[in-house]
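Geometric and topological summary
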Amino acid sequence: MSKNPEFVKFDKVDKSYDGKVLVVKDLQLDIAEGEFITMLGPSGSGKTTCLMMLAGFETPTHGEILLDGNIISNIPPHKRGIGMVFQNYALFPHMTVYENLAFPLRVRKVEKDEIDKKVDKALSMVSLSGFETRMPAQLSGGQQQRVAVARALVFDPAVVLMDEPLGALDKNLRESMQYEIKHIHESIGVTVVYVTHDQSEALTMSNRIAVFNDGKVQQLSNPAELYEKPVNSFVAEFIGENNTFNGEVVDIDKEKCKVKLANSEILANPISVKSKGDKTTVSLRPERALINPSDKMDNMFTGKIEEVIYHGDHTRVRLNLLENSEFILKVPNSTSNLELKVSQDINIGWNSTDARALDPK
Amino acid sequence: MSSETKQILTTDGIPLEVSLKKAEKKNKIKAFLLVAPLLFFLVITYIFPIGEMFTRSVDDRMVTNMLPKTFKAMEKWDNLNELPPEEVYRGFYEDYKLLAENQQHGKLGQRLNKEKNGFNTITKKLFRQIKRKKIDENASLKEQINKLHKRWRNVEYWQAIKRTAPPYTASKYLKGMDMYFAADGSIAQVEEDRRIHRILWLRTLEIAFFVTLFCFLMGYPIAHLLATLPMKYSNLLMICVLLPFWTSLLVRTASWMILLQQQGLVNDFFVMIGLVADDNRPEMMYNKVGTYVAMTQILLPFMVLPLYSVMKTISPSLMRAGKSLGGTPFVAFWKVYFPLTIPGIGAGCLLVFILAIGYYITPALVGGASGTLISNQIAFHMKTTLDWSFASAMGLMLLTGVLVIYWIYNKLVGVDNIKLG
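Source: prediction; values computed, not measured.

What follows is about the overall build of chain B. Secondary structure assignment for chain B yields 19 helices and 2 strands. Taking 2.2 N^0.38 as the reference for a compact globule, 421 residues should give roughly 22 Å; the C-alpha atoms of chain B span a radius of gyration of 32 Å, well beyond that estimate. Projected onto its principal axes, the C-alpha coordinates of chain B cover approximately 100 × 95 × 35 Å. Within chain B, the proportion of its 421 residues that are buried is 29%. Pairs at least 24 residues apart make up 66% of the contacts formed inside chain B by residues separated by at least 6 positions.

Have a look at this one:
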């Protein structure tokens, strides 16, 4: 069976609540069948609005949303057949776990035996068999979350929407739930649209991530590409850690450009700069800069250690490098550890391909 | 000795339980002292008056104290269907003479007259005879008294006196239900055309029920709107709900009188739009309609506020969840939202019903003859007939009724499910 690459399609969608400000601007987004796509962005970036429009609780101000080729903008939520996991789970507090799961089946007039079977299956999928008669209040946060996931899946929807479902859980539980949801997705192959503001959650779980800011998708790509190759400084800043240098392009060819900083010049990879004289922000991941590099690298500088912070598995070193006193280095805590002391001078090197010259901040 | 049964000692050797109690004792005393003024206040203003009301409603010591010798002699009166023996007459004569000297005889006459009509006349006659000293104390008093009036020869009057002997009586309660102790001591119903109290009780229940229903039907959507509107609109609406609440009850009732009277604004409006003819204006006041309209409006906030406080806590995502799972808006409402508002409905209905059942001023002003409630009757006996013991009895019957309703409600919904705010 070939998968439909445009299973869910946002076609030039605009959304405004008050007629003055566009919360979502000209959104163009295709979601493939069976894909796990995450909408990631800071609060107020329009990601939840997109989800609500897909679920049918908000209507697009302009443009169309298509599900499997059909325009759904005028279909009420209960006829869309889209499962949804809400931020606070939205379990019905007056119903048992069984009744919660049976609700979507009962309203679809499914036979009692069939309901029992499906509820059983859904509960075992989230490893909660035997919890049928519990009330939601008798469950822990993680268990409630699983019930919410099971309820959104029990009626075999084509698409499942998840609106920051792990936001209320503590860190360890959140991580284990991330894997669990990912595995459920892999085993049943449902299309998942996931909304979060937690970038590590997005990176672990998704096939593709759409980074939202200011009502627009800034970048839509797989997690590795998003991290390694951010296309603009917002994405570079938002995903992972990032060292930046602001400067002006003084020389440019296809693979390299020379960026003039206040008192020095560095080589960088031209991404959004086109010509000499462009202002730019050069972005470099902390782990791409090495201390005393053995290979010849095309950027080699000396910096002064300002602060050393022990982080367990790694040590963070803050340097003053090229007039940037916020330059961060991550040093793995391996056995052959270096002596790192404050106000010591060290040599730092990186390849110009890793230093991405992006739009100026 | 197993470790579970072993007494746990604190470091200085005192058993842990003792030490804990000691530590908490101070806090307990403090907590009690904090509530003590309120407890004292409640005892004085609530429990004590109710106790007093109860005593008054069953108290029948007046006659007992007035006729001690009579009742003593009546102990030997065996055949109650015949006139009592001479000793009873003598006892009664002596008691009555003493009362006459102390100017207390009138009270007794009135009291006995309530027990049996016609007593007032014959006791007055006896009083006059005593005053003129026409009674020969050495002759048979039975013959002399019997001669005074034929009613003295009627055994029913003596039976009536005997019935007043016990210091306590439930007769006021029976009267509240249009019943009385018949001559032979059995409970009998009053004639059908005089059963006013039963009609009043039923009408009170009926009006309270329908006012509760109307309040619920009107209050539910308002409360829902209040709970879901954005803050700036919901505040305004809340003020609209509360504004009447802050206005004097009397003013509100009076304004309903202005609106509802036959030449009032509502009738004018009906005539203006041609709904009714000018010479055929409907009566909307001094009957049940007036009571319904005014009481519903006045009690509405008591329904809206508990409902609102419950609805406010229901997350809007629950309705959304219901819809996204495939429920039509109605199913989502009926299966998800409505069951969650039951605590508020319970609290609101209980509050309105209990308030309505004892409502006084509004029915008194707009109710007319067919719209008055039992509380108006209670007030009537307190202020006009001055039969306080009967008013107390009816008040207690009302209180018992409310407690019964509360009990039924508890069985049906559970008091834990009530949420007042």
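What follows continues from the structure just given.
Along its length, chain A carries 8 helices and 20 strands. With respect to the three principal axes, the spread of C-alpha positions in chain A is 75 × 50 × 40 Å. Here chain A holds 361 residues, and 40% of them are scored as buried.

Looking now at the pairing of strand β10 (residues 216-221) of chain A. Residues and elements named next belong to chain A. Looking at chain direction, strand β9 (residues 208-213) and β10 are connected through 5 bridges and run antiparallel. By the bridge assignment for β10, Ile 209 is matched with Ser 221. Between β9 and β10, which pair antiparallel and follow one another directly, the connecting turn spans 2 residues, one of which, Asp 214, has a positive phi of 55 degrees.

Within the largest apolar cluster, 98 residues are counted, with the highest numbers of intra-cluster contacts made by Leu 54, Leu 161 and Val 193 of chain A. Among the elements that line this core, the one with the most residues is helix α4 (residues 141-153) of chain A, at 6 residues. Leaving out residues up to four positions away in the same chain, Leu 54 of chain A has contacts with Val 8, Ile 65, Ile 82, Leu 161 and Val 193 of chain A. In this structure, Leu 200, Val 352, Phe 390 and Met 394 of chain B belong to the second largest nonpolar core, which totals 46 residues.

Here we come to helix α16 (residues 329-357) of chain B. A rise of 1.5 Å per residue sets the reference length of α16 of chain B, with its 29 residues, at 42 Å; its end C-alpha atoms lie only 36 Å apart and thus fall more than 12% short of the reference. At Phe 338 of chain B, α16 of chain B shows its maximal bend, which comes to roughly 45 degrees, and the proline Pro 339 of chain B appears one to four places after that position.

Right, let's get into the sheet that holds strand β19 (residues 345-350) of chain A. All names here are of chain A. Strand order across the open sheet formed by 5 strands is β15-β19-β16-β17-β18, with antiparallel pairing between neighbours. The sheet is open, and its two edges are formed by β15 (290-291) and β18 (324-332), each paired on a single side. Two elements, β15 and β19, share 2 bridges in a ladder whose sense is antiparallel. Across the sheet, Ile 291 pairs through a bridge with Ile 348, a residue of β19.

Taken together, the contact between chain B and chain A spans 15 residues of the former and 18 residues of the latter. For the side of chain B that touches chain A, the elements supplying multiple residues, two or more each, are α15 (316-324) and α16 of chain B. The element best represented in the side of chain B that touches chain A is α15 of chain B, accounting for 6 residues. In terms of residue class, the side of chain B that touches chain A is made up of 7 nonpolar, 6 polar and 2 charged.

Now for the confidence of the model for chain B. Residue and element names in this part refer to chain B. Summing up the model confidence of chain B, the mean pLDDT is 84 and the portion of residues at 70 or higher is 96%. Mean pLDDT per element in chain B: strand β1 (residues 179-181) is the minimum at 80, and helix α10 (residues 196-228) is the maximum at 91. Overall fold confidence for the complex sits at a pTM of 0.76, while the interface term, ipTM, reaches 0.78.

Strand pairing within a sheet occurs via backbone hydrogen bonds; the two strands may be parallel or antiparallel. Reading across the sheet, the 4 strands line up as β2-β1-β4-β5 (chain A) and stay open at both edges, with antiparallel pairing between neighbours. Only two strands of the sheet have a single neighbouring strand rather than two, namely β2 (22-31) and β5 (70-71) of chain A.

Bringing the environment of Lys 3 of chain A into the picture now. Residues and elements named next belong to chain A. Assignment of secondary structure puts Lys 3 in the segment before β1 (8-16). C-beta crowding within 10 Å serves as the criterion here: with 11 such atoms nearby, Lys 3 is assigned to the exposed category. Measuring from C-alpha to C-alpha, the distance between Lys 3 and Gly 83 comes to 20 Å, with 80 residues separating the pair along the chain. With residues near it in sequence (within four places) discarded, Lys 3 still touches Ala 32, Glu 33 and Gly 34.

What follows concerns the domain arrangement of chain A. Residue and element names in this part refer to chain A. Here the domain parsing of chain A yields domain 1 (8-233) and domain 2 (241-358). A straight line from the C-alpha centre of domain 1 to that of domain 2 covers 39 Å. Between domain 1 and domain 2, the residue contacts involve 4 residues of the former and 6 residues of the latter. Partitioning the side of domain 1 that touches domain 2 into residue classes produces 2 nonpolar, 2 polar and no charged.

A few words on the pairing of strand β13 (residues 265-270) of chain A. Residue and element names in this part refer to chain A. β13 sits mainly inside the fold: 5 of its 6 residues count as buried. Examined bridge by bridge, strand β12 (residues 257-260) and β13 share 4 bridges and lie antiparallel to one another. If you follow Cys 257 over to β13, its bridge partner there is Ala 268. Where β12 folds back onto β13 in an antiparallel hairpin, the turn is made up of 4 residues. Bridging between β13 and strand β20 (residues 356-358) involves 2 bridges; their strand directions are parallel. When the sheet's bridge partners are listed, Asn 269 is paired in β20 with Arg 356.

In the predicted model, chain A carries a mean pLDDT of 85, and the fraction of residues at 70 or more is 98%. Within chain A, the lowest mean pLDDT, 80, falls on β15 of chain A, and the highest, 91, falls on helix α2 (residues 97-106) of chain A.

Residue and element names in this part refer to chain B. Relative orientation of the contacting elements helix α14 (residues 288-312) and α16 amounts to 155 degrees, with a least axis distance of 8 Å. Considered as vectors, α14 and α16 are oriented roughly antiparallel to each other. Note that α14 runs across α16; the crossing there is right-handed. Contacts between α14 and α16 involve Met 295, Leu 299, Phe 302, Met 303, Pro 306, Leu 307, Ser 309, Val 310 and Met 311 from the former and Thr 341, Pro 343, Gly 344, Ile 345, Ala 347, Gly 348, Leu 351, Val 352, Leu 355 and Ala 356 from the latter. Residues that form the contact of α14 with α16 fall into these classes: 15 nonpolar, 4 polar and no charged.

Let us look at the environment of Gln 178 of chain A. Residues and elements named next belong to chain A. Assignment of secondary structure puts Gln 178 in helix α5 (residues 171-188). Along the primary structure Gln 178 and Pro 60 are separated by 118 residues, whereas in three dimensions their C-alpha atoms are 30 Å apart. If sequence neighbours within four positions are ignored, Gln 178 has contacts with Leu 166, Glu 201, Thr 204 and Met 205.

Take the packing of α10 of chain B against helix α11 (residues 231-246) of chain B next. Residues and elements named next belong to chain B. Where α10 meets α11, the axes come as close as 8 Å, and the angle between the chain directions of the two elements is 145 degrees. Of the two elements, α10 crosses α11, and the hand of that crossing is left-handed. Together, Ile 222, Leu 225 and Leu 226 of α10 and Ser 234, Leu 237, Met 238 and Val 241 of α11 make up the contact between the two elements. Of the residues belonging to the contact of α10 with α11, the class tally is 6 nonpolar, 1 polar and no charged.

Moving on: α5 of chain A. Residue and element names in this part refer to chain A. With 18 residues, α5 extends 26 Å between its outermost C-alpha atoms, agreeing within 8% with the 26 Å of an ideal straight helix rising 1.5 Å per residue. Listing the buried residues of α5 in full gives Met 177, Gln 178, Ile 181 and His 185. Projected down its long axis, α5 shows its buried positions confined to an angular sector of 115 degrees, all on one face. Away from the buried face of α5 by more than 90 degrees, exposed residues Asn 172, Ser 176, Tyr 179, His 183, Glu 186 and Ser 187 are located. As for α5, its buried residues are in contact with β3 (36-40), α4, β8 (191-196) and α6 (199-205). Downstream of α5 by one or two residues, Gly 189 has phi in the positive range, about 70 degrees.

Cut-off values and rules
Residues numbered from 1 in each chain as written. Chains lettered and ligands numbered in written order. Predicted model: local features only at pLDDT ≥ 70, side-chain atom pairs only at ≥ 80, totals over all residues. Helix = DSSP H or I, 4+ residues; strand = E, 2+ residues; numbered from the N terminus. Rg over C-alpha atoms; globule rule 2.2 N^0.38 Å. Buried ≥ 20, exposed ≤ 12 C-beta atoms within 10 Å, placed from the backbone. Contact = placed C-beta atoms within 7 Å. Pairing = 2+ DSSP bridges. Core = buried A, V, L, I, M, F, W, Y, C linked by C-beta atoms within 7 Å. Expected span 1.5 Å × (residues − 1). Bend = angle between axes of the 7 residues up to and from the residue. Nonpolar A, V, L, I, M, F, W, Y, C, P; charged D, E, K, R; others polar. pLDDT = per-residue confidence, 0-100. Domains from an automatic or database assignment. Axes fitted to C-alpha atoms, helices over the stretch in contact; angles between N-to-C directions. Parallel < 35°, antiparallel > 145°, perpendicular 65-115°, else oblique. Left-handed = near helix turned anticlockwise from the far one by under 90°. Arc of directions from axis to C-beta.

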